[in-house]
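If you want the building blocks of each chain, they are given just below.
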Amino acid sequence: MKRNNRSKEKIVYFPKVYYQRKGGYLILRFPTDLQKFQDKFTKMREDLEKAFYADCISMKYEKRFVVYTLIYDVARTRKIVTELEPKRHRLKLMKDVYWDFNKVPHALISGDTGSGKTYLIESLMYFFIKIKAEIKVCDPKMSDLVFLEVIPSLNGKVYATSGQICMCVRQFHEGMKQRQQEFMKLSYGKTGNTYLDFEMQPQVLVFDEYVALLSSLDKDTEKELLGHLRQIILLGRQLGYFVILGMQRPDAQYLPGDLRDQFGLRVAMGSMSPVGYRMMFGENDKVFKDYGKESKGWGYAKTGVGDIQTFYAPFVERGFNFVDEIAKLFDEKPATSMDGVRQAEP
């Protein structure tokens, strides 16, 4: 009797991939089971962003899985500027996007003219004034921020000439050193305290068009100014001294990489070149998209935790005037013109 030929049993591997949709997020889990696809599963960030036309905001490992979290339709998570409120000492910039400035201090905002950079800086100022921070403003190009001088509480705290700005930064640094002495006396050597423990007022230095100033200074003055800024940025967190720095491009010539990395919030508004993104965020494997000029107020941000992600600045409604609205926070009326307004000392 002739036996039938038996076919060989063929084992086919079907990896189990788990997909979850939660709010505006897609969560995908790929197995780390030592099978032949495992290496591919750990390098899928770019492919997933293209496949779902979404933004990968994190990749992490769980037991037996590599987990990708993507966010789609990012614009829907945008906040209105008047909604900016502190949440446990954190600033909620978008839905589920927070800047914990007391842990990762200082903000670096870059972007070309028309990208929304100045609007974002003004939005951050609006928030800090809401929490009763003391503000000093440097605007070497004498553009949008200089008009804040017409607000009585900010009169004399807006600086435009190179001499005024250098004086402002020096005095801001000296004020921080004085607070440091006071802080040491109050702490009695106890570690872990911050300015919040002693109800000290936050101090914020807003410096737009930073490169415009540095490029006009002689080498000695530039070195002195950078020395003051370096100390503020390195030591300011515990003492409640914060810097918001605006520039079109974070060139290492004007902002060394080690200093750039101290900024907890980094936002690149609008489209930038690969070199510009690398200057802003350091080496990274992010796939940067161009959402076009018709999509206002977008960019990419790193908030000190998590990965670089698509960002939409707080929405400024039509008719919203920062000068008027900031004046309301002080319960004041702005002057009707710059005429007769006291300027900061040269």
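Basis of the calculations
Residues numbered from 1 in each chain as written. Predicted model: local features only at pLDDT ≥ 70, side-chain atom pairs only at ≥ 80, totals over all residues. Heavy atoms only, no water. Phe/Tyr/Trp six-rings, centres within 6.5 Å; stacked < 30°, edge-to-face > 60°. Buried < 20%, exposed > 50% of the residue type's maximum accessible area, 1.4 Å probe, protein only. Helix = DSSP H or I, 4+ residues; strand = E, 2+ residues; numbered from the N terminus. Contact = heavy atoms within 4.5 Å. Pairing = 2+ DSSP bridges. Axes fitted to C-alpha atoms, helices over the stretch in contact; angles between N-to-C directions. Parallel < 35°, antiparallel > 145°, perpendicular 65-115°, else oblique. Nonpolar A, V, L, I, M, F, W, Y, C, P; charged D, E, K, R; others polar. Core = buried A, V, L, I, M, F, W, Y, C linked by side-chain atoms within 4.5 Å. Expected span 1.5 Å × (residues − 1). Bend = angle between axes of the 7 residues up to and from the residue. Polar contact = N/O pair within 3.5 Å; in protein donor to acceptor, adjacent residues only side chain to side chain.

## Description of the packing of aromatic side chains
What describes a pair of aromatic rings is the distance from one ring centre to the other and the angle between the planes of the rings. Going through the model one piece at a time under the given rule, you end up with 23 aromatic pairs. An angle of 15° between the planes, with centres 6.2 Å apart, marks the rings of Phe-281 and Phe-288 as stacked. Exposure remark for Phe-288: the relative accessible area of 23% places this residue in the partly exposed category. Ring centres of Phe-288 and Tyr-300 lie 4.9 Å apart, and the angle between their planes is 90°; on these two criteria the pair is classed as edge-to-face.

## Things to note about the environment of Leu-225
Turning to its location among the elements, Leu-225 is positioned in helix H6 (residues 219-239). Residue Leu-225 is classed as buried on the basis of its relative accessible area, which comes to 3%. It is 9.2 Å that separates the C-alpha atoms of Leu-225 and Met-167, two residues lying 58 residues apart in sequence. Once you skip the residues sitting within four places of it in the chain, Leu-225 turns out to touch Cys-166, Val-169, Leu-213, Leu-214 and Leu-217.

## Section: the side chain of Ser-123
Note on placement: Ser-123 falls in helix H3 (residues 117-130). Among the residues examined, Ser-123 registers a relative accessible area of 1% and is labelled buried. Excluding its chain neighbours within four sequence positions, the residues that come into contact with Ser-123 are Val-81, Leu-84, Pro-314, Val-316 and Phe-322.

## Brief notes about the sheet that holds strand E4 (residues 65-71)
The four strands are arranged E1-E2-E4-E3 in an open sheet whose pairing can be described as antiparallel. Because the sheet does not close on itself, it has two edges, and the strands there are strand E1 (18-22) and strand E3 (55-62). With strand direction ignored, the average angle separating the axes of adjacent strands in the sheet is 20°. Both strand E2 (residues 25-31) and E4 contribute to a ladder of seven bridges, which runs antiparallel. When the sheet's bridge partners are listed, Phe-30 is paired in E4 with Val-66.

## Remarks on the packing of H3 against helix H9 (residues 322-329)
The angle between the axes and the distance between the axes are what describe a pair of packed helices. Taken N-terminus to C-terminus, the directions of H3 and H9 make an angle of 10°; their axes are 10 Å apart at the nearest point. In terms of orientation, H3 and H9 fall into the roughly parallel class. From H3, Tyr-119, Glu-122, Ser-123, Tyr-126, Ile-129 and Lys-130 reach across to H9, where they touch Phe-322, Glu-325, Ile-326 and Leu-329. Its residues placed into classes, the contact of H3 with H9 shows six nonpolar, one polar and three charged.

## Examining the sheet that holds strand E12 (residues 241-247)
Strand order in this open sheet of eight strands is E10-E9-E11-E12-E8-E13-E14-E15, and the pairing throughout is mixed. Bordering the open sheet on either side are strand E10 (158-159) and strand E15 (309-312), each of which pairs with just one other strand. As defined by bridge partners, strand E11 (residues 203-207) adjoins E12 across five bridges and the pair is classed as parallel. Residue Leu-205 lies in a different strand from E12, and its bridge partner there is Val-243.

## Some words on the nonpolar core
Within the largest apolar cluster, 92 residues are counted, with the highest numbers of intra-cluster contacts made by Leu-124, Leu-148 and Tyr-210. Not counting residues up to four positions away in its chain, the partners in contact with Tyr-210 are Leu-226, Leu-229, Leu-245, Gly-246, Met-247, Tyr-254 and Leu-255. Among the nonpolar cores identified, the runner-up in size contains 12 residues, and Leu-26, Phe-41, Leu-48 and Leu-70 belong to it.

## Observations regarding H6
With 21 residues, H6 extends 30 Å between its outermost C-alpha atoms, agreeing within 8% with the 30 Å of an ideal straight helix rising 1.5 Å per residue. Where H6 bends most, the angle comes to about 40°, and this point is Ile-233. Every buried residue of H6 is listed here: Glu-222, Leu-225, Leu-226, His-228, Leu-229, Ile-232, Ile-233, Gly-236 and Leu-239. Tucked into the core, H6 has its buried residues touching helix H4 (162-187), E11, helix H5 (210-214), E12 and helix H7 (257-260). Backbone nitrogen of Asp-220 and a side-chain oxygen of the N-cap are separated by 3.1 Å at the start of H6; the cap is Asp-218. Positive phi shows up at Gly-240, right after H6, with a value of about 80°.

## Structural notes on the pairing of E3
Note: E3 against E4, seven bridges, orientation antiparallel. Its bridge partner lying in E4, Ser-58 is registered against Thr-69. Joining the antiparallel neighbours E3 and E4 is a turn of two residues, in which Arg-64 adopts a positive phi near 75°.

## Some details on H3
For H3, which comprises 14 residues, the first-to-last C-alpha distance of 20 Å matches the rise-based estimate of 20 Å (1.5 Å per residue) to within 8%. Along H3, 12 of the 14 residues are buried, which leaves the element largely enclosed by surrounding structure. Two residues or fewer past H3, Lys-132 is found with a positive phi of approximately 70°.

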